[in-house]
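A structural walkthrough
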Amino acid sequence: MTEETIQNEFGRVDADGTVYVKDGDTERAVGQFSDGSPAEAMAFYTRRFEDLMGQVTLAEARISQGTAGVQVVQTVAKLAEQVKEPAAVGNLAALRDRVAALETRAAEFAAAQKAQKEAAKAQAAAEREAIVVAAEELAAQPHDKIRWKDTGKAFEDLFAQWQHHQRTTVQLPKTQADALWKRFRNARQGFEQARRRYFAQIDATNKEVKAGKERIIARAEELAAQGAAAIPSYRQLLDEWKAMPRANRKIEDSLWERFKAAGDVLYSARAAEMAVVDGEQSENLVRKQELLGEGEALLQLTDHKAARQQLTALQLRWDEIGRVPKQNVREVESRMRKLEDHVKQLEEDYWKATDPEPEARSAGLRGQLETSIAEIQAELQEATGARKTALEEKLKTQQEWLAALS
């Protein structure tokens, strides 16, 4: 084949460099290549066809791999326009068929991509809505029950989630994104304002409580000159202290230390006084124990008069001695009571032995029973039936009483 007649199954090149392509049942000129040989001209227009085919192949691959993007419809439409009458030599019919099939696939792919994008937007909107709702729930907590530090940390976490979500998810429509952000911002600002008001109130309360308790402390410190006698007054101040609200821990602890120090002065004074009293009472304990040692000889007496005289003398000396330590009271009182009980028993025994009244009472009752028995016996001589039975029972009872008195 000469250069003047070079051709292939899809086109040919004339000697003057005009290139023709077979397009269906017709042949059309696609260009002229006068600067080179016919073979170079055929190669040039064949490469143009291969470039078109490469673009089609690339679009097919991207659709198959899912990387084409929603612009693939426009890309394929441009290809369809390019293959209508391309200045290229090749199997145009087959290429057009591939582009036609590609248009259908591109439309389906774009529709699927659009659906996925809408689903991703809906999911992103739902996730961001959840962040907003969580923020609004935090802001809606009752202020008297809210844990400010924990809630503040929770807001920081939600804001971090918001920023991460904004960076890593699909972009929402501006109006929708702005509306969600406005709700989140309002919830966070509402919480911050409530927190500032709360702690401002806390500060005001702390100042008020501090001033009130400092006045109590000043009054407590003034009691120091009175010593232990001022302890009841200090306890009244303590009641006032307890009735007041508490300041924050640091202030409260500092105030309490000062108030307690004022009370310690009074209680130290009482402790000093009690030390003196304890010393005196310890001496009293020794003296009372010695006195009880003397008094135990009284337990051997049987004459109630002598026993009473000794006990009275003992009691007078006992009272003169005074108090003993509290932990020893029961011991010494028990020993003294034993002496008193002994004397009391002697007097009761003597009284029972010499009292004429029991005998007189017994004689009078015996006489009454004897008279009653005689009357019942006389009545029984004429009684019958149930009356007789009752009289017999009564007679039996009174005879038993008389026997007991005898």
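Sequence order as written defines residue numbering, which begins from 1 separately in each chain. In view of the model being predicted, local features appear only for residues whose pLDDT reaches at least 70, and side-chain atom pairs are presented and counted only at 80 or more, with totals across whole chains, interfaces and linings using the full set of residues. Heavy atoms throughout the structure, all of them, feed into the side-chain values; hydrogens and water do not.

What follows is about the overall build of the protein. Scanning the protein for helices and strands turns up 11 helices and 4 strands. With C-alpha atoms as the basis for the radius of gyration, the globule rule is written as 2.2 Å multiplied by the number of residues raised to the power 0.38. On C-alpha atoms alone, the protein measures out to a radius of gyration of 62 Å, which is more than a quarter above the 22 Å that the 2.2 N^0.38 rule sets for 406 residues. When the backbone C-alpha atoms are referred to their principal axes, the protein occupies close to 180 × 90 × 35 Å. Partly exposed residues are those whose accessible area sits between 20% and 50% of the maximum for their type, while under 20% is buried and over 50% is exposed, using a 1.4 Å probe and protein chains only. Residue burial in the protein is summarised as follows: out of 406 residues, 29% are buried. A contact between two residues is defined here by any heavy atoms of the two lying within 4.5 Å. Sequence-distant contacts in the protein: of pairs separated by 6 or more residues, those separated by 24 or more amount to 68%. Counting only carbon and sulfur atoms, one obtains 51% of the accessible surface of the protein, whose full area is about 26,400 Å². Only four residue types enter the tally: Lys and Arg on the positive side, Asp and Glu on the negative side; His and the chain ends are excluded. Where a charge lies is defined by one atom per residue type, namely NZ (Lys), CZ (Arg), CG (Asp) and CD (Glu). Measuring between centres, the 60 positive side-chain charges of the protein sit 4 Å from its 67 negative side-chain charges. Counting from the N terminus, the helices are the DSSP runs of H or I reaching at least four residues and the strands are the DSSP runs of E reaching at least two. Exposure was quantified through the Shrake-Rupley algorithm and a 1.4 Å probe, taking into account, for residues, occlusion by the shown protein chains and nothing else.

Moving on, we come to the UniProt feature "coiled-coil region" (unreviewed entry) in the protein. Mapped onto the present numbering, the UniProt feature "coiled-coil region" (unreviewed entry) falls at residues 92-130 and 329-393. In this annotation, residues 92-130 is assigned 100% helix and 0% strand; the end-to-end C-alpha distance for the span is 55 Å. UniProt positions are given in the numbering used here, feature names are shortened, and annotations may be inferred rather than shown by experiment.

Before going further, it helps to examine helix α9 (residues 329-354). An ideal rise of 1.5 Å per residue puts 38 Å on 26 residues; α9 measures up with 37 Å between its terminal C-alpha atoms. Burial in α9 covers these residues: Val-332, Met-336, Leu-339, Val-343 and Leu-346. Lining the buried residues of α9 we find α7 (249-295) and α8 (304-321). One less than the residue count of a helix, multiplied by 1.5 Å, gives the span that helix is expected to have.

Further remarks concern the side chain of His-165. Positionally, His-165 belongs in helix α4 (residues 148-168). According to the relative accessible area criterion, His-165 is buried, its value standing at 8%. Contacts of His-165, omitting those with residues within four sequence positions, involve Ala-124, Glu-127 and Arg-128.

Strand pairs in the sheet, formed through backbone hydrogen bonds, run parallel or antiparallel to each other. Note on pairing: DSSP must find at least two bridges between two strands before they are called paired. The 4 strands are arranged β1-β2-β3-β4 in an open sheet whose pairing can be described as antiparallel. Of all strands in the sheet, those bounded by a partner on one side alone are β1 (7-8) and β4 (26-32). Relative to β4, strand β3 (residues 18-23) runs antiparallel, the two sharing 6 bridges. Bridge assignment links Val-19 to a residue of β4, and that residue is Gly-31. Helix axes are fitted only over the stretch in contact, all axes being lines through C-alpha atoms; the angle between N-to-C directions runs from 0 to 180 degrees. Sheet strands in contact with helix α1 (residues 38-65) are β1, β2 (11-13), β3 and β4, and its direction is about 145 degrees off that of β2.

As a further point, take the pairing of β3. Counting buried positions along β3 yields 5 of 6 residues, so the element is predominantly enclosed. Hairpin connection of β3 to β4: 2 residues between the antiparallel strands, including Gly-24 at a positive phi of 70 degrees.

Core analysis: the largest hydrophobic core is formed by 27 residues, its most contacted members being Val-19, Ile-63, Val-72, Val-89 and Leu-102. Those elements that provide at least two residues to this core are β3, α1, α2 (72-82) and α3 (92-139). Looking at this core element by element, the count peaks at 8 residues for α1. Residues in contact with Leu-102, not counting those within four places in the same chain, are Val-56, Ala-59, Glu-60, Ile-63, Val-76 and Leu-79. Take the buried Ala, Val, Leu, Ile, Met, Phe, Trp, Tyr and Cys residues and link them wherever side-chain atoms come within 4.5 Å; each set so joined is a nonpolar core.

Our next topic: the packing of α7 against α8. At a minimum axis distance of 10 Å, the contact between α7 and α8 shows a crossing angle of 175 degrees. Between α7 and α8, the interaxial angle falls into the category roughly antiparallel. Across the interface between the two elements, Asn-284, Arg-287, Lys-288, Leu-291, Leu-292, Glu-294 and Gly-295 of α7 pack against Leu-314, Arg-317, Trp-318 and Ile-321 of α8. Grouping the amino acids of the contact of α7 with α8 by side-chain chemistry returns 5 nonpolar, 2 polar and 4 charged. When an angle is under 35 degrees it counts as roughly parallel; over 145 it counts as roughly antiparallel; between 65 and 115 it counts as roughly perpendicular; any other value is oblique. Note on residue classes: Ala, Val, Leu, Ile, Met, Phe, Trp, Tyr, Cys and Pro are nonpolar, Asp, Glu, Lys and Arg are charged, and everything else, Gly too, is polar.

We note that the domain assignment places domain 1 (6-117), domain 2 (120-203), domain 3 (204-276), domain 4 (280-354) and domain 5 (364-404) within the protein. Domain extents, as shown, originate in an automatic or database domain assignment. Taken over C-alpha atoms, the centre of domain 3 sits 84 Å from the centre of domain 5.

On to the environment of Ser-372. Relative to the assigned elements, Ser-372 resides in helix α10 (residues 357-380). Overall, Ser-372 belongs to the buried group, its relative accessible area being 19%. Remark: the alpha-carbon pair of Ser-372 and Gln-398, spanning 26 residues in sequence, is separated by 8.1 Å. Here a polar contact is recorded for every N or O atom pair within 3.5 Å, except that within protein the pair must consist of a potential hydrogen donor and a potential acceptor, and residues adjacent in sequence are included only if both atoms are side-chain atoms. A polar atom in the side chain of Ser-372 sits 2.6 Å from the side chain of Gln-398.

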